[in-house]
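In case you want the letters, here they are:
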Amino acid sequence: MGPSYSVDAALALRHLGRSPHNLFPIAVLDDGDFLAGCQALWTAANKKVPMLVVVMNNRAFGDYSRAQKAIADERSRVTQNKSGKVLQVEEPLVDVMTIAEGFGCTGGSRFQVSRRNELEGVLHASAELVRHGKVVVLDVVVKSGDEASD
C-alpha cells in the first residue's frame, strides 16, 4: 500500500500547486511494501509527479517472520528456525533498481546504498533530481531485525 499512498500524496501536492523546489514527498518503505505495490510508481512516472522513494531493503519478509515467531511462541514451539530460507529474499535477489527503472523512475547502481556513510550524499543527489521533476527510487540495504540485534 505504501507506494500507492505515496504517489497519491505526490499527486495531491502537485494539485495544491506545491513546487518540488521547496516541498516534495519522501516515502520510506520496506522492501516487502515496495514489492507489493511498486506498480503505482508507473503512475508517478507517467504523470511526471516528482517524488523520492527510499526502500529500506532487508531482503526478508519480516512480517511473516514475526507472525511465525508469534505463532510458535503461542504454541510453545521452538523459534530458532523462524527466519528460514522461505522468508529471506536472497535466491534470487530482487533488483529494486531494475524494477524502478522498468516503471520509468530514476534508479540504477548509483542509487543503491549499502553503507551508512554513503547515504547522505546519495540523498542530496536524489533530492536534486526530484527538484528537477524526477521520480527517484533509492535501494538502501539494511540489516534485518535479527541481524541488527546480534
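Our structure is the block above this text.
Every chain is numbered on its own, with residues counted from 1 as its sequence reads. In keeping with the model being predicted, local features are shown solely for residues with a pLDDT of at least 70 and side-chain atom pairs are shown and tallied solely at 80 or more, while totals for entire chains, interfaces and linings include all residues. In computing side-chain properties, one takes all heavy atoms of the structure into account and sets aside hydrogens as well as water.

> Help me out: how do you make sense of unusual backbone geometry in this one?
When glycine is set aside, most residues are seen to have a negative phi, and most peptide bonds are trans. Non-glycine residue lysine 48 carries a positive phi angle of around 55°. Its location among the elements puts lysine 48 in the loop between helix H3 (40–46) and strand E2 (51–57). Each helix is a run of H or I in the DSSP string that is no shorter than four residues. Each strand is a run of E no shorter than two, and both are numbered from the N terminus.

> Just checking my understanding: could you explain the pattern of salt bridges for this structure?
Opposite charge on two side chains allows them to pair when their charged atoms are near. In the sections that follow, a salt bridge refers to a side-chain nitrogen of Lys or Arg positioned within 4 Å of a carboxyl oxygen of Asp or Glu. Within the structure shown, the criterion is met by 1 salt bridge. Arginine 131 is paired through a salt bridge with glutamate 128; the nearest N and O atoms lie 3.8 Å apart. Within this pair, arginine 131 and its partner glutamate 128 are both found in helix H6 (residues 116–131), separated by 3 residues, close to a single helical turn. For every residue, the accessible area (1.4 Å probe, protein chains only) is compared with the maximum for its type, and the residue is labelled buried under 20%, exposed over 50%, or partly exposed between those bounds. The exposure class assigned to glutamate 128 is partly exposed, which follows from its relative accessible area of 39%.

> Quick question: what am I supposed to make of the nonpolar core here?
The tendency in soluble globular proteins is for nonpolar side chains to be buried as a group. Buried Ala, Val, Leu, Ile, Met, Phe, Trp, Tyr and Cys residues that are joined via side-chain atoms within 4.5 Å together make up what is termed a nonpolar core. Counting residues in hydrophobic clusters, the biggest one holds 30 residues, and the most contacted among them are Phe34, Leu41, Met51, Leu52, Val53, Val137 and Leu138. Of all the secondary structure elements, the ones that give two or more residues to this core are helix H1 (2–15), strand E1 (26–30), H3, E2, helix H5 (96–102), H6 and strand E4 (135–141). The contact definition used throughout considers only heavy atoms, calling two residues in contact when any of these lie within 4.5 Å. The contact partners of leucine 52, leaving out residues within four places of it in the chain, are Phe24, Pro25, Ile26, Ala27, Leu123, Ser126, Val130, Val136 and Leu138.

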